[in-house]
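A structural walkthrough
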Amino acid sequence: MPTPITEEQNRVDREALLDTAEKLFYERGIQAVGMDEVRAASGLPLKRIYRFFAAKEDLVVAMLRRRDGRWRGELAAHVEQVPDPHERVLAVFDWLADWFAQPGFRGCAWVNAFGELGPSSEAVLAEVRSHKRAFHDQVAGWVHSTGVPVVEPVFLLAEGAIVTAGISGDPAPARHARAAVATLLGTTP
């Protein structure tokens, strides 16, 4: 009789599965990667994968949700170490520039998921919208601290930089957006 799987092993296997799915989906696209490929790359039997996530859509939603927490957490850790409110907002774009320059950068995982599945998956669409609202609220908090009423333009410049860098493969949009935000805030770029 096989040894029962512990809660800790379940946790480790689930995280490894999410790591694998995130890597594959982000690099190649959600629809281009089949569950057999996820199985092979993760080393987990398909039956076990489906015990964690009943459908591929569930795996995609869990992957996006986990990535959101990590992505926004890393952004906040970078931005919130900057004491000046105006410089804190500009630090968003410095962090974006670093992200855009990372090997394997392929744009926004949520925009990519929306482009592939948004029209056909209510669950993915809801997760994408949740991330975008949370990112907007995060940016809004930093912008409000400056006392300058420019939340929407700053948010749109961040989003535009992300999409443009993802398509062009060039980190320069972060620098251009940063300069525009500096102008909006009345600071020197």
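Refer to the preceding data block for the structure.
Notes on the structure follow. Bear in mind the structure is a predicted one, so any value in this text is a computation, not a measurement. (Residues numbered from 1 in each chain as written. Predicted model: local features only at pLDDT ≥ 70, side-chain atom pairs only at ≥ 80, totals over all residues. Heavy atoms only, no water.)

Looking now at the overall build of the chain. Looking only at helices and strands, one finds nine helices and zero strands in the chain. The order of α-helices and β-strands along the chain, N terminus first, is α-α-α-α-α-α-α-α-α. For the chain, the C-alpha atoms occupy an extent of roughly 70 × 30 × 30 Å along the three principal directions. Taken across its 189 residues, the chain has 45% of its residues classed as buried. Expressed as a percentage of contacts within the chain between residues at least 6 apart in sequence, the contacts between residues at least 24 apart total 67%. Carbon and sulfur atoms make up 56% of the accessible area of the chain, which totals about 9,700 Å². (Helix = DSSP H or I, 4+ residues; strand = E, 2+ residues; numbered from the N terminus. Buried < 20%, exposed > 50% of the residue type's maximum accessible area, 1.4 Å probe, protein only. Contact = heavy atoms within 4.5 Å. Areas by Shrake-Rupley, 256 points an atom, 1.4 Å probe, with all protein chains shown as cover.)

Applying the stated criterion across every chain yields a total of 15 salt bridges. For Glu 22, the salt bridge is made with Arg 70, and the minimal N-O distance between the two is 2.3 Å. You can see Glu 22 sitting in helix H1 (residues 7-28) and its partner Arg 70 sitting in helix H4 (residues 56-79), a full 48 residues away along the chain. Residue classification places Arg 70 among the partly exposed positions, given a relative accessible area of 35%. One salt-bridge network, in which partners are shared between bridges, spans Glu 15, Asp 19, Glu 22, Arg 66, Arg 67 and Arg 70. (Salt bridge = Lys/Arg side-chain N within 4 Å of Asp/Glu carboxyl O.)

Attention now moves to a nonpolar patch on the surface. Taken together, the side chains of Val 111, Val 163 and Ile 167 define a hydrophobic patch exposed on the protein surface, amounting to about 250 Å² of accessible area. Following the sequence through the fold, Ile 167 ends up in helix H8 (residues 151-168). (Patch = residues over 30% accessible without salt bridge, like charges linked within 9 Å, V, L, I, M, F, W, Y side chains within 5 Å.)

This paragraph deals with the packing of aromatic side chains. Tallied over the full model, the rule gives nine aromatic pairs. With a centroid separation of 5.4 Å and 70° between ring planes, the pair formed by Trp 71 and Trp 99 is classed as edge-to-face. With a gap of 28 residues between them, Trp 71 in helix H4 and Trp 99 in helix H5 (residues 85-100) connect regions that are remote in the sequence. The residues Trp 71 and Trp 99 share a single accessibility class, namely buried. Geometrically, the ring pair formed by Phe 135 and Phe 155 is tilted, given 5.6 Å between the ring centres and 55° between the ring planes. Separated by 20 residues along the polypeptide, Phe 135 in helix H7 (residues 122-144) and Phe 155 in helix H8 bring together distant segments of the chain. Given a relative accessible area of 11%, Phe 155 falls into the buried group. A cation over a ring is seen here: Arg 67 above Tyr 26, with NZ or CZ 4.3 Å from the ring centre. (Phe/Tyr/Trp six-rings, centres within 6.5 Å; stacked < 30°, edge-to-face > 60°. Lys NZ or Arg CZ within 6 Å of the ring centre and 35° of its normal.)

If you check H8, its first and last C-alpha atoms are 25 Å apart, about what 18 residues at 1.5 Å a residue would give, namely 26 Å. Of all the positions in H8, only Val 151, Val 154, Phe 155, Ala 158, Glu 159, Ala 161, Ile 162 and Ala 165 are classed as buried. All buried residues of H8 project into a common sector of 150° when viewed along the axis, lining one side. Turned more than 90 degrees off the buried face of H8, the exposed positions are Leu 156 and Ile 167. Within two residues after H8, Gly 169 carries a phi angle of roughly 75°, on the positive side. (Expected span 1.5 Å × (residues − 1). Arc of directions from axis to C-beta.)

What follows deals with the nonpolar core. Core analysis: the biggest nonpolar cluster contains 59 residues, and Phe 25, Val 38, Leu 59, Trp 71, Leu 96, Trp 99 and Phe 100 have the highest contact counts within it. For this core, the element with the highest residue contribution is H4, accounting for ten residues. Other than its neighbours up to four places away in sequence, Trp 99 contacts Tyr 26, Arg 67, Trp 71, Phe 105, Gly 107, Cys 108 and Ile 162. (Core = buried A, V, L, I, M, F, W, Y, C linked by side-chain atoms within 4.5 Å.)

The contact between H5 and H8 brings their axes to 11 Å, and the two run at 10°. If you check the angle between H5 and H8, you find them roughly parallel. Across from Val 89, Phe 93, Leu 96, Trp 99 and Phe 100 in H5, the residues of H8 making contact are Val 154, Leu 157, Ala 158, Ala 161, Ile 162 and Ala 165. Split by residue class, the contact of H5 with H8 holds eleven nonpolar, no polar and no charged. (Axes fitted to C-alpha atoms, helices over the stretch in contact; angles between N-to-C directions. Parallel < 35°, antiparallel > 145°, perpendicular 65-115°, else oblique. Nonpolar A, V, L, I, M, F, W, Y, C, P; charged D, E, K, R; others polar.)

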